[in-house]
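A closer look at the structure
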Amino acid sequence: MEKQMLRACLGKLRDQYGLLECNVEADPKFEIGGILEKLGNTTPVLFNRVKGHKMPIIGGMFGDREMFYDFTGTTREERIFKYMNAVNRTIPPRLLSDGPVKENIITRNIDIGKIFPLPTFHELDSSSFITAGVMVVRDPDDGKIYTSIRRFQFNGGNNISALVTSPFLSDKIKQARAQKKNLEVAVVLGYDYYFCLASQLGSDLYGVDKYDYDGGLRGEPLDVVKCHTIDLEVPAYAEIVIEGVIPYNEEVTEGPFGELMGYYGSVAKHPVIRVSAVMHRNQPIFQISAPCKEEHLSNGLIRDIEVYAHVSRIVKVKDVNVTIGAGCRFHAVVSINKKSPGDGKAAAIAALGSSKDIKHVVIVDDDIDVFDPGDVEGAIAARVQASKDVFIIAGANGTGLDPSHLLEMTSDKVGIDATKPLGELGKGFEKARIPGYESIDLKKFFPNL
Ligand SMILES: Cc1cc2nc3c(=O)[nH]c(=O)nc-3n(C[C@H](O)[C@H](O)[C@H](O)COP(=O)(O)O)c2cc1C
């Protein structure tokens, strides 16, 4: 039985997570994205009848934290350590001579728009896009494999383009261009939660081979096979692999596209990928991620560990939530075990320093659940006096993914210390308890509940 990639997850998605199977024809133009959005982008859906295409689509797989923890063999309590420790306990991939992804190989007359049911999500999007593709490149300098999710605009025929904004890969592409060298790339679809998560580890910060990190996360080697037309290895059990090169001398206008926070992002020139081969399993399933919704949780899970690592140098951290409402980038809530009067503010500074993207940080005590917005709001309401507990740093660096950053190309940073005072003053902040609350079993009083 397969243990890796999308097909290895389907049984559990059906049995435990209510995978919805849509057998009514659905249109990849707006309708499929709209359905996922109506379902909150947290329900996995298999669209078996896609208008104009034979290939089914799966979406909504990556929007739920608990599902993510479960599929990566961890829990909310343990996940930060599991995801951090895997950086130091990497396992290299295992090369197989063949694998299901090679069941079909197309090298002639490639038209990506005809082969795949490419979705269009928003009214003003420039084209249809591959939104869940994991891009694989080998670093020409050190041979390490780097994976990352990028969006790929369809430009007709075998021409797609990649939006690359992270500094690491942008630099590698610039370097190849300066040396007049093409860069080989593969785009993987139909993967599992480990592969998705591994792709989100920041290369600038960690510099880890992401196949090795994937192995560290899953506790066994990632099974890979050789590509057909380029010198790269790809997951043997993936649904689909698109192979090609980024030519050093070709760029195309990319965007607009409904971005991270639901606004249209900027339009700019980005590298083209000339597709040389498509490999896919028999009866492949095309994977999509609804942009700016479910898709960014995997990135947020890595940001949780970055905030944790930064704040832990200052004070003991209980938990971190880089919240999905703010795109898993702009807001962090951190619960700490406060020991000194300045811990709350120092923790906020450390969290803001973990990434240029974070704008607003709330620090709470460890009796507050960082995943309960009501609990966090209650702490802000009852434990904060703004003149003392809120600070603003004006004009810092930020990210263009935040439309308000684009006004002056700077971002203000806000820290809110919502921790209670220590000692005598803190006594007035003790929460009123209901004795025996934990042992009340509502079923005893309402058997039909
Ligand atoms: C669903 C999803 C879509 C993403 N789309 C893009 C994208 O289009 N362009 C981009 O530069 N980063 C995108 N990202 C973020 C990168 O995948 C992420 O920052 C990754 O860690 C970068 O890896 P690197 O540090 O090796 O470059 C996306 C992330 C997710 C989860």
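The model shown is predicted, which means the values in this text are computed figures rather than measured ones.

**Considering a nonpolar patch on the surface**
There is a patch of nonpolar side chains on the surface, built from I440, L442, F445, F446 and L449 and spanning about 540 Å² of accessible area. Counting through the fold element by element, I440 comes out in the loop between helix 15 (423-426) and helix 16 (442-445). Classification of I440 as partly exposed rests on a relative accessible area of 46%.

**Things to note about the pattern of salt bridges**
Overall, the coordinates contain 36 salt bridges when judged by the stated rule. Salt-bridge contacts for E239 lead to R7; the nearest nitrogen and oxygen are separated by 2.7 Å. Taken together, the residues span a long stretch of sequence, with E239 in the loop between strand 13 (233-235) and strand 14 (240-246) and R7 in helix 1 (residues 6-17) at a distance of 232 residues. E254 is the partner of R151 in a salt bridge, and the nearest nitrogen-oxygen pair spans 2.8 Å. You can see R151 sitting in the loop between strand 8 (145-149) and strand 9 (152-154) and its partner E254 sitting in strand 15 (residues 251-254), a full 103 residues away along the chain.

**Comments concerning helix 4 (residues 79-88)**
Those residues of helix 4 that fall on the buried side of the exposure criterion are R79, I80, Y83, A86 and V87. Seen along its axis, helix 4 keeps its buried residues to an arc of 140 degrees; they face one direction. Tucked into the core, helix 4 has its buried residues touching helix 3 (65-71), helix 7 (193-198), helix 8 (203-206), helix 9 (210-218), helix 10 (297-312) and strand 18 (317-322).

**A word on the pairing of strand 19 (residues 331-336)**
By the criterion of burial, strand 19 is predominantly enclosed, with five of the six residues buried. Bridge count between strand 18 and strand 19: five bridges; the pairing is antiparallel. Across the sheet, the residue bridging to V322 is A332, located in strand 19. Pairing between strand 19 and strand 20 (residues 360-365): six bridges, direction parallel. For A332, the partnering residue across the bridge sits in strand 20 and is V361. Assessed by its sense of winding, the connection that carries the chain from strand 19 through helix 11 (residues 343-352) to strand 20 is right-handed.

**Comments concerning the UniProt feature "domain: 3-octaprenyl-4-hydroxybenzoate carboxy-lyase-like N-terminal" (unreviewed entry) in the chain**
The feature "domain: 3-octaprenyl-4-hydroxybenzoate carboxy-lyase-like N-terminal" (unreviewed entry), as annotated in UniProt, sits at residues 12-85 in this numbering. The span residues 12-85 is 38% helical and 12% strand by assignment, and the distance between its end C-alpha atoms comes to 26 Å.

**Re the site of the ligand**
Neighbouring residues of the ligand: 19 residues in total, closest I149, R150, T165, S166 and S203. With respect to the ligand, the backbone of R151 contributes an N or O atom lying 2.8 Å from an oxygen atom. Surface burial for the ligand is 92%, taken as the share of its 640 Å² of free accessible area covered by protein chains. Sorting the residues of the shell around the ligand by element identifies strand 8 and helix 10 as the ones contributing at least two each. Residues of the shell around the ligand, tallied by class, amount to four nonpolar, ten polar and five charged.

**Overview of the nonpolar core**
Membership of the largest hydrophobic core comes to 114 residues, with the highest contact counts inside it found for L13, I112, F116, Y213, I242, F286 and V311. Ranked by residues supplied to this core, first place goes to helix 10 with seven residues. The next biggest cluster of nonpolar side chains, apart from the first, holds eleven residues, and it includes V362, V384, I416 and A418.

**A short note on the sheet that holds strand 12 (residues 223-226)**
Ordered in space as 4-12-13, the three strands form an open sheet in which the pairing is mixed. Only two strands of the sheet have a single partner each, and these edge strands are strand 4 (94-95) and strand 13. When strand 4 meets strand 12, the two strands line up parallel, connected through two bridges. Bridging from a neighbouring strand, R94 pairs with D223 of strand 12.

**Overview of the side chain of D209**
Position of D209 among the secondary structure elements: in the loop between helix 8 and helix 9. In terms of polar contacts, D209 uses its side chain to reach the backbone amide nitrogen of Y211, at 2.9 Å. Residues contacting D209, with those up to four places away along its chain left out, are K144 and I145.

**Overview of the packing of helix 4 against helix 10**
A pair of packed helices can be characterised by two numbers: the angle between their axes and the separation between those axes. Direction vectors running N to C along helix 4 and helix 10 enclose 90 degrees, while the axes themselves pass 10 Å from each other. Of the possible angle classes, the one that applies to helix 4 and helix 10 is roughly perpendicular. Residues R79, I80, F81, Y83 and M84 of helix 4 touch helix 10, and the partners they reach there are L301, D304, I305, Y308 and A309. Residue classes in the contact of helix 4 with helix 10 are distributed as eight nonpolar, no polar and two charged.

**Quick notes on the pairing of strand 10 (residues 159-162)**
The side-chain alternation of strand 10 yields two buried faces, one formed by N159 and S161 and the other by I160 and A162. Pairing of strand 9 with strand 10, which is carried by three bridges, proceeds in the antiparallel orientation. Note on strand 10: the bridge partner recorded for Q153 is S161. If you look at the hairpin formed by strand 9 and strand 10, you'll find four residues sitting between the two strands, and G156 has a positive phi there, around 105 degrees.

Conventions and cut-offs
Residues numbered from 1 in each chain as written. Predicted model: local features only at pLDDT ≥ 70, side-chain atom pairs only at ≥ 80, totals over all residues. Heavy atoms only, no water. Patch = residues over 30% accessible without salt bridge, like charges linked within 9 Å, V, L, I, M, F, W, Y side chains within 5 Å. Areas by Shrake-Rupley, 256 points an atom, 1.4 Å probe, with all protein chains shown as cover. Salt bridge = Lys/Arg side-chain N within 4 Å of Asp/Glu carboxyl O. Helix = DSSP H or I, 4+ residues; strand = E, 2+ residues; numbered from the N terminus. Buried < 20%, exposed > 50% of the residue type's maximum accessible area, 1.4 Å probe, protein only. Arc of directions from axis to C-beta. Contact = heavy atoms within 4.5 Å. Pairing = 2+ DSSP bridges. Right-handed = clockwise from strand over helix to strand, strands pointing away. UniProt positions renumbered as here; feature names shortened; annotations may be inferred. Near = heavy atom within 4 Å. Polar contact = N/O pair within 3.5 Å; in protein donor to acceptor, adjacent residues only side chain to side chain. Nonpolar A, V, L, I, M, F, W, Y, C, P; charged D, E, K, R; others polar. Core = buried A, V, L, I, M, F, W, Y, C linked by side-chain atoms within 4.5 Å. Axes fitted to C-alpha atoms, helices over the stretch in contact; angles between N-to-C directions. Parallel < 35°, antiparallel > 145°, perpendicular 65-115°, else oblique.

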